[in-house]
Amino acid sequence: MLKRYCNCLCLFTLFAVHAAYATVDARDAEGRVVSLHKPAQRVIALAPHIVENLYSIDAQSSIVGAVQYSDYPEPAREIPRVGGVGSMSLEKIVALQPDLVILWGSGTPPGLRSGIERLGLPYFIDEVRSLADLKHSLQALGTLTGRISQAEQITAELQSSIAQVTANARTGGKSERPEVFLQLWNQPLQSIGKDHLLNEVIERCGGRSITDSIIGLAPLVSMERVLADDPALIIVENHQQSLHWKSYPQLQAIKNDHVAVIDPDLLHRPTLRLLQGMQIICEHVNASRRDVSASD
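Residues numbered from 1 in each chain as written. Predicted model: local features only at pLDDT ≥ 70, side-chain atom pairs only at ≥ 80, totals over all residues. Heavy atoms only, no water.

### Observations regarding the environment of Leu103
Here comes step 1: By the element assignment, Leu103 lies in strand β5 (residues 100–104).
Here comes step 2: On the basis of relative accessible area, Leu103 is assigned to the buried category, the value being 1%.
Here comes step 3: Between the C-alpha atom of Leu103 and that of Ala47, which follows or precedes it by 56 residues, the distance is 7.3 Å.
Here comes step 4: Non-local contacts of Leu103, meaning those with residues more than four positions away in its chain, are made with Leu46, Ile50, Thr108, Arg113, Ile116, Tyr123, Phe124, Ile125 and Asp126. (Helix = DSSP H or I, 4+ residues; strand = E, 2+ residues; numbered from the N terminus. Buried < 20%, exposed > 50% of the residue type's maximum accessible area, 1.4 Å probe, protein only. Contact = heavy atoms within 4.5 Å.)

The following block contains the structure:
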């Protein structure tokens with residue numbers, strides 16, 4: 001009996017020691033494996049979309065710091081700020097004593113990242129360039145914050161919703177895809193490059209971005225190029241931008257009244273709300289396809 005008791009005690013001790021040294025691991029957008037001794041309880045999110053995604057997996061209680069424009073959902077407005085785009089404060093970040101800092105790969109200043117590395121703060125690089133990346137990001141955030149089951153549920157719903165939204169999209173040959181111009185800015189004229197997530201969104205909706213071969217995330221585009229390509233659909237962020245295109249009545253998108261105004265938060269924040277933007281894009285791509293087919 002005593003021997004059996006000792007064996008059980010040793011086994012229990014072994015499990016306890018193992019649990020004490022177990023780590024929480026997740027791979028970030030750069031392929032780095034981020035290891036924590038336990039799920040993060042004090043997280044600083046350095047982009048609005050990261051805050052929103054943490055809320056999506058029910059990890060909002062772990063957020064102790066955020067940046068300017070972290071305004072969705074509504075309670076996120078109350079999170080203490082550590083700065084804005086291009087002006088984040090390392091001192092404020094340190095003062096909040098985070099056990100994890102989540103950086104936006106293409107939006108966090110390199111100098112800030114260097115400072116975080118120098119101080120030895122654990123950090124995770126988040127960068128979503130595809131719908132698959134969005135799924136991975138949500139799962140990784142779920143792992144690092146101890147919300148694994150919530151992240152699994154959300155990503156399963158994400159996959160199902162993407163399939164539903166694109167179910168009616170025609171994805172045939174290039175000639176069958178209406179050409180789309182998505183405007184980010186007007187002076188200078190700026191659009192999405194080949195590395196942008198929205199190229200995939202437009203493609204899954206059965207369209208083709210006329211800038212999908214341009215290197216980069218948000219390249220400058222000449223008006224001459226847009227006029228030459230003559231897109232069937234133009235997507236803009238506000239009414240003012242839509243009025244600008246009325247000056248080019250020769251464009252088929254103007255002739256057929258296919259200038260879509262879509263809330264930029266539904267497109268440029270890689271979160272679950274992207275599905276709403278995707279639904280709108282798919283509807284406009286389908287409508288522009290019908291008009292192009294009718295005119296052939």
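What follows continues from the structure just given.
### A few points about the state of the cysteines
Here comes step 1: With the rule as written, the count across this model stands at one disulfide.
Here comes step 2: Between the sulfur of Cys205 and that of Cys282 lies a disulfide, 2.0 Å long from S to S. Residues Cys205 and Cys282 are joined through a disulfide that is left-handed, its torsion about the S-S bond being -75°. Within this pair, whereas Cys205 is found in the loop between α7 (197–204) and β9 (208–209), its partner Cys282 is found in helix α11 (residues 274–295), the two being separated by 77 residues in sequence. By the burial criterion, Cys205 is buried, and Cys282 matches it. (Disulfide = S-S within 2.5 Å.)

### Side note on α7
Here comes step 1: In terms of residue burial, α7 counts as a mostly covered element, since six of its eight residues are buried.
Here comes step 2: Regarding α7, the residues found buried are Leu197, Leu198, Asn199, Glu200, Val201 and Ile202.
Here comes step 3: The positive-phi residue at the C-terminal boundary of α7 is Gly206, with phi of around 95°.

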